[in-house]
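Per-entry structural report
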Amino acid sequence: MTSVPRGGQVRQRVGHRVRRGAYLLPSLFTMGNMILGFYAVIVGYRDHDFTKAALLIFAAAILDSLDGRMARLVGTESDFGKEYDSLADVVTFGVAPALLTYLWGLQDFHRDSWMISVFYMVCCATRLARFNVQTKVVDARWFVGLPTPAAAGTICSLLFFSPGGDLRVWMQVLVASSLLIVGALMVSTFRYTSFKKVDLRKRWSFRALVPIVAIVLVVYFLREAAFLTLAVLYTLSGPVGALVSRMRRGGSAPTPPTPEPVP
């Protein structure tokens, strides 16, 4: 006769499966991030639909912001998850925007323009590698250097703004310059707000919701211009903030920023 598992054994097995599922859940978000980045390249290469490709990168950035939060929520943070997330970010926010800009029009700009896309990709990988070797976590309020999802969002917002290559020559120069500037900002030591101290669980007053609703409406009705404006404002917030701080200190040398907790 086969023995029937006792209630304690059943609960133990169920609990073990739940823990295994909890460890897998953040990785599913990371996988989704990577898949969307790869598919964005397919859409750009096969269909030349750069609007859809840009939206896929934006969606991947949302998933990227959720995997770390999910890991902290269920208590499954690990070195594997950090490394896996960084590898996915190299694909989605490094390789994908670099290839998309090249396919969009940089290949017609100059025969060696692929080197500009490569520069952006290398800066993205360098920033993520720098994060992985940082061991001290001091201030969760800041990112050091432009975060890779924000960098990809800035580049893709340009493609979203002009997916068909309107004003092609001017847009080619703008995209090429943006790849160089954004790449340099990723490996810089400028501080960027992380928004990780925003507590979504607390009660929000009506006055606090008004600007949020206004931003959502502006983004909905003015999609192309709104995405581009928000991306540029955040990208410039690092160097502008450093300049303002330096002026307030009367030109004294700025203090070195502290490492950030997440890429």
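The notes below deal with the structure included here. (Residues numbered from 1 in each chain as written. Predicted model: local features only at pLDDT ≥ 70, side-chain atom pairs only at ≥ 80, totals over all residues. Heavy atoms only, no water.)

As for the overall build of the chain
Check the secondary structure of the chain and you find eight helices and two strands. Within the chain, the fraction of its 263 residues that count as buried is 35%. In the chain, once contacts between residues fewer than 6 apart in sequence are set aside, the share between residues at least 24 apart is 82%. Roughly 15900 Å² of accessible area belongs to the chain as shown, and the carbon and sulfur atoms make up 67% of that amount. (Helix = DSSP H or I, 4+ residues; strand = E, 2+ residues; numbered from the N terminus. Buried < 20%, exposed > 50% of the residue type's maximum accessible area, 1.4 Å probe, protein only. Contact = heavy atoms within 4.5 Å. Areas by Shrake-Rupley, 256 points an atom, 1.4 Å probe, with all protein chains shown as cover.)

Here we look at the pattern of salt bridges
All told, the structure shown has one salt bridge when counted by the stated rule. The salt bridge partner of Asp47 is Arg46, with a shortest N-O separation of 3.1 Å. (Salt bridge = Lys/Arg side-chain N within 4 Å of Asp/Glu carboxyl O.)

A few points about the environment of Phe119
Among the secondary structure elements, Phe119 is positioned in helix H4 (residues 114–133). Remark: the alpha-carbon pair of Phe119 and Gly183, spanning 64 residues in sequence, is separated by 7.0 Å. Setting aside residues no more than four positions away along its own chain, Phe119 makes contact with Leu179, Leu180, Gly183 and Ala184.

A look at the nonpolar core
In terms of nonpolar packing, the biggest core is built from 41 residues, with Ile57, Leu100, Tyr120, Leu146, Val175, Leu179 and Met186 touching the most fellow members. Those elements that provide at least two residues to this core are helix H1 (7–47), helix H2 (50–74), helix H3 (79–109), H4, helix H5 (148–161), helix H6 (168–186) and helix H8 (223–248). In this view, Tyr120 contacts Phe93, Gly94, Pro97, Ala98, Ala151, Ala152, Ile155, Leu179, Val182, Gly183 and Met186; residues no more than four positions away in its chain are not counted. (Core = buried A, V, L, I, M, F, W, Y, C linked by side-chain atoms within 4.5 Å.)

Things to note about a nonpolar patch on the surface
Judged by side-chain polarity, Leu24, Leu25, Leu28, Met31 and Ile35 come together as a nonpolar surface patch covering roughly 420 Å² of accessible area. Relative to the helices and strands, Leu24 resides in helix H1. (Patch = residues over 30% accessible without salt bridge, like charges linked within 9 Å, V, L, I, M, F, W, Y side chains within 5 Å.)

What to know about H6
When the terminal C-alpha atoms of H6 are compared, their 26 Å separation across 19 residues agrees well with the 27 Å that a helix rising 1.5 Å per residue should span. Along H6, the positions that sit buried rather than exposed are Met171, Gln172, Val175, Ala176, Ser178, Leu179, Val182, Gly183, Leu185 and Met186. Looking at the packing, one finds that the buried side of H6 touches H3, H4, H5, strand S2 (191–193) and H8. (Expected span 1.5 Å × (residues − 1).)

Observations concerning the packing of H5 against H8
The angle between the axes and the distance between the axes are what describe a pair of packed helices. Where H5 contacts H8, the two axes come as close as 9 Å, and the packing angle between them is 150°. Judged on the interaxial angle alone, H8 and H5 are roughly antiparallel. Of the two possible hands of crossing, H5 and H8 adopt the one that is left-handed. Within the contact between the two elements, H5 uses Ala150, Gly153, Thr154, Ser157, Leu158, Phe160 and Phe161 and H8 uses Arg223, Glu224, Ala225, Phe227, Leu228, Ala231, Tyr234 and Thr235. (Axes fitted to C-alpha atoms, helices over the stretch in contact; angles between N-to-C directions. Parallel < 35°, antiparallel > 145°, perpendicular 65-115°, else oblique. Left-handed = near helix turned anticlockwise from the far one by under 90°.)

Focus: the state of the cysteines
By the definition in use, this model includes zero disulfides. Cys123 forms no disulfide, and the closest cysteine sulfur to it belongs to Cys124, at a distance of 8.8 Å. With a relative accessible area of 6%, Cys123 lands in the buried category. (Disulfide = S-S within 2.5 Å.)

A short note on the side chain of Ser27
Its place among the elements puts Ser27 in helix H1. Exposure remark for Ser27: the relative accessible area of 12% places this residue in the buried category. For Ser27, the residues in contact, after removing those within four places along its chain, are Phe80 and Tyr84.

Section: unusual backbone geometry
A positive phi angle, near 55°, is found at His48, a position not held by glycine. Considering the arrangement of structural elements, one finds His48 in the loop between H1 and H2. According to the relative accessible area criterion, His48 is exposed, its value standing at 51%.

Overview of H2
When the terminal C-alpha atoms of H2 are compared, their 36 Å separation across 25 residues agrees well with the 36 Å that a helix rising 1.5 Å per residue should span. All of the buried residues in H2 are Phe50, Ala53, Ala54, Leu56, Ile57, Phe58, Ala60, Asp64, Asp67, Met70 and Ala71. Following H2 by one or two positions, Gly75 has its phi on the positive side, about 70°.

Quick word on the packing of aromatic side chains
Applying the stated criterion across every chain yields a total of five aromatic pairs. Judged by centre distance (5.4 Å) and plane angle (45°), the ring pair of Tyr192 and Tyr234 falls under tilted. Here Tyr192 is found in strand S2, whereas its partner Tyr234 is found in helix H8, with 42 residues between them in sequence. The class of Tyr192 is buried, set by a relative accessible area of 0%. Residue Tyr234 is classed as buried on the basis of its relative accessible area of 18%. Aromatic rings pair up to connect Phe58, Phe160 and Phe227 into one cluster. (Phe/Tyr/Trp six-rings, centres within 6.5 Å; stacked < 30°, edge-to-face > 60°.)

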